[in-house]
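Fold and contact review
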Amino acid sequence: EIEEQNRLQDVDTDAMWLVIVAVFVFLMQCGFAMLCAGLVRAKNTKNILLKNVLDACVGALGFWSVGYAFSYGQAGGGNPFIGNTYFFLTNFEGNDTYQSWLFQFAFAATAATIVSGSVAERTKMAAYLCYSFFLTAWVYPVVVHWVWSSAGWLSASNVNPLLGVGLVDFAGCGPVHMVGGISAICGAYVCGPRIGRYDSDGVLLDIPGHSSTLQVLGTFILWVGWYGFNPGSTLAVTGGLGAVAGKAACTTTLSGAAGAVGCLIIFKVSSHAFDLGQTLNGVLVGLVSITASCALVEPWAAVIIGLIGSVVYTALSEFVKRKLRIDDVVDAFAVHCGGGMWGLLAAGLFTTAENHQAAYGVAPGTPHGAFYAPIGQGHQIFTCAIVGIVVIWLWVGGIMLPFFTLMHHINWLRSTEEEELAGMDVSKHGGSAYPDYVFTPSAAPVGFP
Amino acid sequence: EIEEQNRLQDVDTDAMWLVIVAVFVFLMQCGFAMLCAGLVRAKNTKNILLKNVLDACVGALGFWSVGYAFSYGQAGGGNPFIGNTYFFLTNFEGNDTYQSWLFQFAFAATAATIVSGSVAERTKMAAYLCYSFFLTAWVYPVVVHWVWSSAGWLSASNVNPLLGVGLVDFAGCGPVHMVGGISAICGAYVCGPRIGRYDSDGVLLDIPGHSSTLQVLGTFILWVGWYGFNPGSTLAVTGGLGAVAGKAACTTTLSGAAGAVGCLIIFKVSSHAFDLGQTLNGVLVGLVSITASCALVEPWAAVIIGLIGSVVYTALSEFVKRKLRIDDVVDAFAVHCGGGMWGLLAAGLFTTAENHQAAYGVAPGTPHGAFYAPIGQGHQIFTCAIVGIVVIWLWVGGIMLPFFTLMHHINWLRSTEEEELAGMDVSKHGGSAYPDYVFTPSAAPVGFP
Amino acid sequence: EIEEQNRLQDVDTDAMWLVIVAVFVFLMQCGFAMLCAGLVRAKNTKNILLKNVLDACVGALGFWSVGYAFSYGQAGGGNPFIGNTYFFLTNFEGNDTYQSWLFQFAFAATAATIVSGSVAERTKMAAYLCYSFFLTAWVYPVVVHWVWSSAGWLSASNVNPLLGVGLVDFAGCGPVHMVGGISAICGAYVCGPRIGRYDSDGVLLDIPGHSSTLQVLGTFILWVGWYGFNPGSTLAVTGGLGAVAGKAACTTTLSGAAGAVGCLIIFKVSSHAFDLGQTLNGVLVGLVSITASCALVEPWAAVIIGLIGSVVYTALSEFVKRKLRIDDVVDAFAVHCGGGMWGLLAAGLFTTAENHQAAYGVAPGTPHGAFYAPIGQGHQIFTCAIVGIVVIWLWVGGIMLPFFTLMHHINWLRSTEEEELAGMDVSKHGGSAYPDYVFTPSAAPVGFP
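Now for a description of the structure that goes with this document. Nothing here was measured: the structure is a model prediction, and the numbers come from that model. (Residues numbered from 1 in each chain as written. Chains lettered and ligands numbered in written order. Predicted model: local features only at pLDDT ≥ 70, side-chain atom pairs only at ≥ 80, totals over all residues. Heavy atoms only, no water.)

Moving on to the overall build of chain A. Along chain A, the regular secondary structure elements total 14 helices and zero strands. Sequence-ordered secondary structure for chain A, helices as α and strands as β, is α-α-α-α-α-α-α-α-α-α-α-α-α-α. Relative to the globule expectation of 22 Å for 449 residues, the C-alpha radius of gyration of chain A, 22 Å, shows essentially globular dimensions. Partitioning the intrachain contacts of chain A with sequence separation of at least 6 by distance along the chain shows that 76% fall at a separation of at least 24. Accessible area of chain A: about 13,200 Å², with a carbon and sulfur share of 64%. (Helix = DSSP H or I, 4+ residues; strand = E, 2+ residues; numbered from the N terminus. Rg over C-alpha atoms; globule rule 2.2 N^0.38 Å. Contact = heavy atoms within 4.5 Å. Areas by Shrake-Rupley, 256 points an atom, 1.4 Å probe, with all protein chains shown as cover.)

This part covers a nonpolar patch on the surface. Residues and elements named next belong to chain A. Taken together, the side chains of Ile-386, Val-390 and Leu-394 define a hydrophobic patch exposed on the protein surface, amounting to about 270 Å² of accessible area. Following the sequence through the fold, Ile-386 ends up in helix H12 (residues 380-409). The class for Ile-386 is partly exposed, based on a relative accessible area of 41%. (Patch = residues over 30% accessible without salt bridge, like charges linked within 9 Å, V, L, I, M, F, W, Y side chains within 5 Å. Salt bridge = Lys/Arg side-chain N within 4 Å of Asp/Glu carboxyl O. Buried < 20%, exposed > 50% of the residue type's maximum accessible area, 1.4 Å probe, protein only.)

A few words on the relation of the copies chain C and chain A. Superposing the two chain copies requires a rotation about an axis and a translation along that axis. Mapping chain C onto chain A calls for a rotation angle of 120° and an axial translation of 0.0 Å; the resulting RMSD is 0.0 Å. Here the copies are linked by what is in effect a three-fold axis. Identified as the residue of chain C closest to the rotation axis by C-alpha distance is Val438(C), at 3.3 Å. (Least-squares fit on C-alpha atoms with pLDDT ≥ 70 in both.)

What follows is about the interface of chain C and chain B. One frequently used descriptor of interface size is the decrease in accessible area upon assembly of the parts. Taken together, the contact pairs 59 residues of chain C with 50 residues of chain B. Between chain C and chain B lies a buried interface of about 4,600 Å² when both sides are counted; carbon and sulfur atoms form 77% of it. Of all residues in chain C, Thr213(C), Phe220(C) and Phe274(C) give up the largest surface area on contact with chain B, accounting jointly for 15% of the area buried on that side. The tally of links between chain C and chain B comes to zero salt bridges. (Buried area = accessible area lost by both parts, 1.4 Å probe.)

Moving on, we get to the packing of aromatic side chains. Here the structure, examined in full by the defined rule, presents 107 aromatic pairs over all chains. An angle of 10° between the planes, with centres 5.3 Å apart, marks the rings of Trp101(C) and Phe105(C) as stacked. Taken as a pair, Trp101(C) and Phe105(C) lie in helix H3 (residues 98-118) at a separation of four residues, close to a single helical turn. One exposure class covers both Trp101(C) and Phe105(C), and it is buried. Among the aromatic side chains, those forming a connected cluster through ring pairs are Tyr434(A), Tyr437(A), Phe439(A), Tyr434(B), Tyr437(B), Phe439(B), Tyr434(C), Tyr437(C) and Phe439(C). Taking the ring centre of Phe274(A) as reference, the NZ or CZ of Lys268(A) above it sits at 4.4 Å. (Phe/Tyr/Trp six-rings, centres within 6.5 Å; stacked < 30°, edge-to-face > 60°. Lys NZ or Arg CZ within 6 Å of the ring centre and 35° of its normal.)

Our next topic: the side chain of Asp436(C). As for its position among the elements, Asp436(C) is in the segment after helix H14 (424-428). Side-chain polar atoms of Asp436(C) contact the backbone nitrogen of Ala42(A), separated by 2.7 Å. Every residue in contact with Asp436(C), bar those within four places of it in the chain, is listed here: Arg41(A), Ala42(A), His210(A), Phe439(A), Thr440(A) and Ala443(A). (Polar contact = N/O pair within 3.5 Å; in protein donor to acceptor, adjacent residues only side chain to side chain.)

Another aspect to go through is the interface of chain C and chain A. With 50 residues of chain C at the interface, the matching set in chain A holds 58 residues. At the boundary of chain C with chain A, total buried surface from both sides reaches about 4,600 Å², with 77% on carbon and sulfur atoms. The interface formed by chain C and chain A includes zero salt bridges. On inspection of chain C and its partner chain A, the count reaches 14 residue pairs in polar contact (both at pLDDT 80 or more). At the level of secondary structure, the elements contributing two or more residues to the side of chain C that touches chain A comprise helix H1 (2-39), helix H2 (45-72), H3, helix H4 (125-148) and helix H6 (212-229) of chain C. Counting residues per element, the side of chain C that touches chain A draws most heavily on H1(C), at 18 residues. Split by residue class, the side of chain C that touches chain A holds 36 nonpolar, nine polar and five charged. (Nonpolar A, V, L, I, M, F, W, Y, C, P; charged D, E, K, R; others polar.)

All names here are of chain B. Direction vectors running N to C along helix H8 (residues 276-289) and helix H9 (residues 299-323) enclose 120°, while the axes themselves pass 8 Å from each other. As the angle between them shows, H8 and H9 are arranged oblique. Relative to H9, the crossing made by H8 is right-handed. Counted together, Gln-278, Asn-281, Val-285, Gly-286 and Ser-289 of H8 and Ile-305, Gly-306, Gly-309, Ser-310, Tyr-313 and Lys-321 of H9 form the full contact between these two elements. Class assignment for the residues of the contact of H8 with H9 results in three nonpolar, seven polar and one charged. (Axes fitted to C-alpha atoms, helices over the stretch in contact; angles between N-to-C directions. Parallel < 35°, antiparallel > 145°, perpendicular 65-115°, else oblique. Left-handed = near helix turned anticlockwise from the far one by under 90°.)

Grouped together as the largest cluster of nonpolar side chains are 501 residues, with contacts concentrated most on Tyr140(A), Tyr140(B) and Tyr140(C). Residue contacts for Tyr140(A): discarding those within four places in its chain leaves Phe63(A), Gln104(A), Phe107(A), Ala108(A), Ala111(A), Leu135(A), Trp148(A), Pro175(A), Val176(A) and Val179(A). (Core = buried A, V, L, I, M, F, W, Y, C linked by side-chain atoms within 4.5 Å.)

With that settled, the discussion passes to the pattern of salt bridges. Inspection of the entire model under this criterion finds 30 salt bridges over all chains. Measuring nitrogen to oxygen at the nearest pair gives 3.9 Å for the salt bridge that ties Glu318(B) to Lys321(B). Taken together, the residues Glu318(B) and Lys321(B), both in helix H9 and three residues apart, mark about one turn of the helix. For Lys321(B), a relative accessible area of 13% puts it in the buried group. The partner of Glu420(B) in a salt bridge is Arg414(B), with the nearest N and O atoms 2.8 Å apart. Residue class for Glu420(B) comes out buried when judged on its relative accessible area of 4%. Connected through shared salt-bridge partners, Arg41(A), Glu121(A), Arg194(A), Arg197(A) and Asp327(A) make up one network.

All names here are of chain A. Here helix H9 (residues 299-323) crosses helix H10 (residues 332-350) at 145°, and the two axes come no closer than 9 Å. Considering the relative orientation of H9 and H10, their crossing is right-handed. On H10, the residues touching Trp-300, Ala-301, Ile-304, Ile-305, Ile-308, Gly-309, Val-312, Tyr-313, Leu-316, Ser-317 and Val-320 of H9 are Phe-333, Ala-334, Val-335, Gly-338, Trp-342, Ala-346 and Phe-350. Taken together, the residues that form the contact of H9 with H10 break down as 15 nonpolar, three polar and no charged.

Locating Thr238(C) in the fold gives a position in the loop between H6 and helix H7 (241-271). Residues Thr238(C) and Trp17(C) lie 221 residues apart in sequence; the distance between their C-alpha atoms is 9.7 Å. Ignoring sequence-local partners within four residues, the contact set of Thr238(C) consists of Asp12(B), Asp10(C), Thr13(C) and Asp14(C).

Residues and elements named next belong to chain C. As for its placement among the helices and strands, Thr-251 is situated in helix H7. Classification of Thr-251 as buried rests on a relative accessible area of 0%. A sequence separation of 21 residues divides Thr-251 from Asn-230, and the C-alpha atoms of the two residues are 9.6 Å apart. Discounting chain neighbours no more than four positions away, the residues touching Thr-251 are Ile-290, Cys-294, Val-297, Glu-298, Pro-299 and Ala-302.

Written out as C-alpha cells, the structure reads:
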C-alpha cells in the first residue's frame with residue numbers, strides 16, 4: 001500500500017514537471033514572434049505578429065482535433081505509420097494525459113511557427129492560416145508518430161527498433177526542426193524573393209530588420225524555452241530522469257554558447273564586424289544542433305556540436321541566399337533544418353553508452369555513438385539518422401512543395417506588388433504597428449491605399 | 001513513520017508547485033505593463049508603465065499589511081464576510097504558508113492592474129496610488145473571502161455551501177476579473193474620455209496605441225502567466241491534483257485559441273481587415289472565460305466557451321464605446337468583466353460530475369452543470385453564478401464608483417488639459433520615454449511645459 | 001527498501017527544482033539585456049546587446065572549463081581558498097550534478113553581466129570578451145569557493161565556520177552582487193566618462209536612455225528571475241526546504257516593493273517628479289538588499305531592509321556621479337554593490353533563530369541577528385559580514401582595477417572619439433539597430449564612417 005502511495009506520488013510529480021516544461025516550451029511562441037518581428041521591416045510588423053499569434057491558436061485547434069490523435073493514438077496496439085484514436089481528445093485513458101497533450105501541442109506549434117519568418121513580408125494571411133492548420137494537424141503528427149510513438153516504425157521506443165536502436169532524437173531535431181525548416185524552404189522558394197532582395201543582376205541586397213532589440217529579446221526567450229524543450233523531453237523526472245534532465249540542460253547551454261562564439265568568430269574574420277544578428281543565429285543553431293542528443297552526450301561533445309553547428313549554419317545560409325537565391329528572411333532553413341540534420345548525425349557520433357542507458361533505458365550492449373565504438377562498428381544510430389533525414393525530407397518536401405505551389409496557383413500565397421511596397425500593415429491590417437513614429441523615406445509606407 | 005515521511009514529501013512537493021506557479025502569475029504584471037504600454041500613445045508611455053510597476057509594489061504592501069488577513073484570516077473559525085487575523089503576516093500557522101501569500105498576492109496584483117489601462121493617458125498618479133492600495137487591501141480581499149475562504153458565505157469550500165455547491169469559480173472569474181473589470185469601468189466612466197476620443201458630434205475616433213509589438217509581447221506573456229493562474233489554482237499537485245492541473249492547462253489553451261479565432265473572424269467579416277489588436281483581445285477574453293471552469297469542463301466545451309467569449313467581448317466593447325461613450329482605453333471591462341461573467345455562467349452549464357469531483361472532491365450526487373442534467377434540474381451552479389455576479393457588481397460598483405467620484409471631486413483624478421495634450425511623460429515624469437526618436441506632428445508632445 | 005525509494009524520490013524532486021529555478025535565474029540574462037539596452041542611446045543598442053549575449057555565452061564556456069572547478073571542486077576534502085577538481089565538468093560524482101552546474105553558471109553569468117551596463121557606450125568589444133571570461137572563470141569562482149563551498153574559509157557551511165557562523169549570505173549579496181558591482185565601478189572608473197556626460201566645468205549632464213519601456217521590461221524580467229535566484233538558493237525543496245523557499249519568495253517580494261516605494265518618495269520629494277527610472281532602480285536595490293537574508297528574516301524586516309536599501313542606493317548613486325564623477329551608466333555600483341553590502345549587514349541584524357535553523361540547519365544556540373540579541377551579544381553574523389565585505393573589496397578591486405588599467409594601456413578598452421560620437425552600432429556592428437526610424441539630430445549617428 002505504501003508502494004502504491006509512492007507510485008501515486010510519482011504520478012503527481014511527473015504531472016507537475018510536464019505542465020511546467022510545457023509552459024516553457026509554449027513561451028517559445030513569444031520568442032519566435034519577437035525574433036521574427038525584429039527581422040522584418042517596420043511596415044510589416046503587424047502582419048508577422050498576427051501570423052505568429054495565429055500559429056499558436058490555429059495550431060491548438062489543429063492539434064486538438066486530429067493532430068494529437070495522428071501522433072499518439074494507438075487503438076488496438078496502433079500501427080507503424082499513423083495514430084488512430086483520441087480525436088478531439090476523447091477516449092483518453094491509460095498513460096495519455098492532458099498535460100501530455102499540452103507539451104506535445106507546444107512542440108507542434110514550434111514546428112509550425114518556424115515557417116512564418118521565412119515567408120515574411122510578402123505572403124497572404126489566408127495561405128498562412130491553411131498552412132498552420134495543415135502542418136499541425138497532418139504533416140507534423142505523422143512524423144511524430146514514426147519517431148516518438150512506441151508504435152512508430154522509426155521509433156527508438158519501438159519494442160523492435162530499426163537496426164536495434166531506432167532514430168535517436170531525444171527532443172526533436174527531426175520532427176520539429178527539420179519539419180519546420182523544410183517547410184520553410186519550400187514556402188520561401190515557391191513564394192519568390194521580396195521585391196528588392198536581389199538587384200537586376202541577381203546580386204543579394206541587404207534588407208535589415210527594424211529592431212535588433214526584438215531579435216535579442218526573441219532569442220533569449222527561445223533559449224529559455226529550450227530548457228523546457230530539451231530537458232522537458234524526459235517527460236518525467238521520477239525514476240532518475242531528473243538527473244537526465246539536468247544533464248540535458250547543461251549540454252543545451254554549452255552548445256548554444258559554443259554556436260554563438262563560433263558564429264561571432266566566423267563573421268568577425270569574414271566581415272571584420274562583430275555581427276549581432278549572426279551571433280544570435282549562432283545561439284539558435286547551437287541549441288537546435290544539441291536537441292537530438294542533449295541527454296546523450298558529454299559536455300565537451302556539446303561544445304563541439306555547437307561549434308560545428310555554427311559552421312553548418314553559415315555554409316547553408318550563404319548557399320541558400322547566394323547560390324539558390326531563395327529569400328529565407330530569418331534563415332529558418334539554415335538554422336532549423338541545417339542544425340536539425342547535423343544534430344541527428346551528431347547523436348550518431350557522440351552518444352555514450354552510459355547516457356543512452358540513463359535516458360532511454362536501453363539494455364547493455366545496445367549500439368551507441370560511432371565515436372566510442374571500434375572502427376566499422378557502432379554505426380547504427382548514425383545510419384538510422386541518415387534514414388530519418390531522408391524520409392523526413394521526402395515526406396515534408398513531397399507534401400509542402402505541392403501545397404505551396406497549389407496555393408500559389410490559386411493566388412492565395414503571394415501579396416500583390418502594391419501591397420508589398422506599401423507594407424502589409426497598411427494594406428491589410430488597418431495601419432502601421434507604430435503610428436506615432438516617423439520613418440525614413442525608404443522605410444515609410446508608399447503608394448497605398 | 002513511512003506514512004509521515006510521505007506526508008512531508010507531499011508538503012515539500014506542493015510548496016514547490018505553489019512557488020513556481022506564483023512566479024508564473026507574477027509574470028503577468030510584466031505582461032499587463034507591456035500590453036498597456038503598447039495601447040497608449042508614445043507620449044504617455046512612462047506614465048502607464050510607472051502605474052503598472054506601482055500596482056505590483058503598492059499591491060504587495062497592501063496585501064502584506066491587511067489584504068491577506070481580510071482574505072483568509074480565520075481566527076476562531078472565521079466569519080462569513082471578512083477575514084480577521086494574519087495582519088502583517090504575523091501569527092502564521094497551520095495550513096497558511098508564505099508561498100500561499102505569494103500566490104494570493106500575485107492574484108491581487110492582477111486584479112489591481114486591470115484598471116491601469118482603462119484610465120490611461122489622462123489620470124493623475126496620486127489617485128492611482130490610492131486606488132491600488134485600496135483595491136488590494138480592501139475591495140478585492142473581501143470578495144476573495146466570500147468566494148475562496150472556507151468560511152466564506154459564497155464559497156464552494158464552505159462545509160455547508162450555498163445551494164449545496166457554492167460559487168464554482170476555480171481560478172477567479174469573479175474575484176479577479178470581475179473585480180478588476182468593474183473597477184475599470186467605474187474609473188473610466190468617472191474620469192471621462194480622453195481629449196479627441198469623440199468628436200463634437202460624439203462620434204468615436206480611433207486613437208491607436210504606439211506599438212503593436214508591445215501589445216503582442218504583453219499578450220503572450222499573459223498567456224504564459226495564465227498557466228500559473230489557472231492550473232496553479234489547484235494550489236497543490238499531490239493527491240491527484242497534478243492531473244487536474246494538466247486538464248486545466250489544456251482547456252485554458254483551447255479557450256484562448258478559440259477566442260482568438262472567434263475575434264479574427266468577427267472582425268474580418270465586419271471590417272474586412274485581419275485585425276491584430278482584436279485577435280489579441282480574443283486570446284485574452286478566451287483565457288478569462290475559461291478561468292472559472294478550467295478544471296471542470298471537457299476540451300470541446302473549452303472551445304465553445306472561448307468562441308462565445310469572443311462574441312461577448314465584441315458586443316460589450318462596442319456597447320461601451322459607442323453607446324455608453326465610455327473611453328476604456330484597453331477594453332478592460334469587455335475583456336475582464338465580460339469574460340468573467342460569461343465564465344461564471346459557463347461553469348454552471350458545462351461542469352461535468354467527474355471533473356467536479358476530481359477538482360473539488362465533492363461527494364457523488366453533488367449538482368453539476370445544467371448541460372449534463374435533465375431539463376429543470378442541475379441549475380444550482382448556474383444560480384450561484386448569478387448570485388455571485390450580482391453581489392460582486394454591488395460590492396465593487398458600490399464602493400469604486402463613490403471612490404473615483406470622490407477622487408474626482410477633490411481634483412486628484414483627472415490631469416489638466418495642458419498635461420494631457422502635452423503627454424503625461426513630459427508633464428509629470430521628466431521627459432519622453434523615447435528621447436532619441438522623432439515623432440509625427442500629431443503624436444509629438446506640444447505646448448508643455 | 002521503501003526508505004531508499006523515498007530517498008530516490010527526493011533526489012528526483014530536488015533535481016526538478018534545481019533545473020526550474022536555474023531557468024528562472026538564466027532568464028535574468030534577458031532582463032539585464034533589456035534593461036541595459038533601454039538605458040543607452042539608440043545608437044549604441046546593438047553594442048550593449050551583443051555584450052549581454054556574449055556574457056552568457058563566454059560565461060558558459062568559462063564556467064564549464066574552470067569556473068565550476070574553482071568554485072566547488074573538492075578533491076581530497078578540498079582547501080579553504082580554491083576548488084581543485086571537475087575541470088571541464090569531468091570526474092563528476094557524488095553530490096555534484098549537472099543541474100547544479102546549470103544553477104551555478106546562471107549565477108556566474110549574472111555576476112558578469114552586471115558590468116556591461118556600467119561601461120556602456122564607450123568600451124571596445126575585445127576588452128569586454130576578456131573581462132567576461134576572466135570574471136566567470138577566475139574572480140567570481142574564488143569568492144564562491146570562500147563563501148559557499150563547504151571547504152571555504154568564510155563559508156557558513158564549513159564544519160568549523162568563522163565565529164561559529166560564517167558569512168550568512170543565503171543567495172549571493174557577496175559573491176554575485178558585490179563582485180559584479182565592484183567590477184562595474186572599476187571598469188567605469190578606468191574607462192572614464194562618456195563624451196558629454198560632464199560639461200567643461202564638471203557639471204553632470206543627463207544622457208537619457210532610448211527606451212523606458214525596455215527598462216521596465218528588463219526590470220520585471222529580473223524581478224521574475226529573482227524568484228529563481230533567492231528561493232532557488234535552497235538548492236532543494238525536500239526536508240522542509242520548500243517552506244524555506246516560500247518564505248524567501250515572500251520576503252523578496254516585499255523588499256523589492258519597499259525599495260520601489262522608497263525611491264519613488266525620495267525622488268518625488270527631491271525633484272517633484274514621479275521618476276520611473278529611479279523607481280525601477282528602487283525595485284532592483286530592494287531585491288539585491290534582501291538577497292543575503294531572504295530566508296532568514298520576517299516579512300516586516302524585509303520591508304525595512306528594502307526601504308533602507310532605497311536610501312543606500314540613492315546616496316551612493318549621487319556620490320558616485322556627482323562627487324567621484326564616475327560615469328556608471330546604469331548605476332550598477334549603487335544598486336548591486338550598495339545593495340549587496342547593506343544586504344550582508346542586514347542579515348547580521350535581522351536573522352531570527354527560527355529561520356536560521358530552518359534555512360541552514362544550525363544547532364540551537366547558534367548566534368543569530370543582533371536585533372534579537374541582548375546588547376553586546378549576537379554580533380557574530382554582523383562581524384562576519386564586515387569581514388566578507390572587506391575581503392571581497394580587496395579581492396575584486398585588487399584584481400579588476402589592474403585588469404581594466406592594463407586593458408586601457410594596451411588600448412583595448414576605450415573606443416575612439418569618432419566611434420563614440422558616431423555610435424558603436426554604425427562604427428563596429430554594421431549599422432543601426434533600428435534602421436527604419438528617424439532619430440533626433442542629437443541622437444543620430446554623425447561623422448562616421
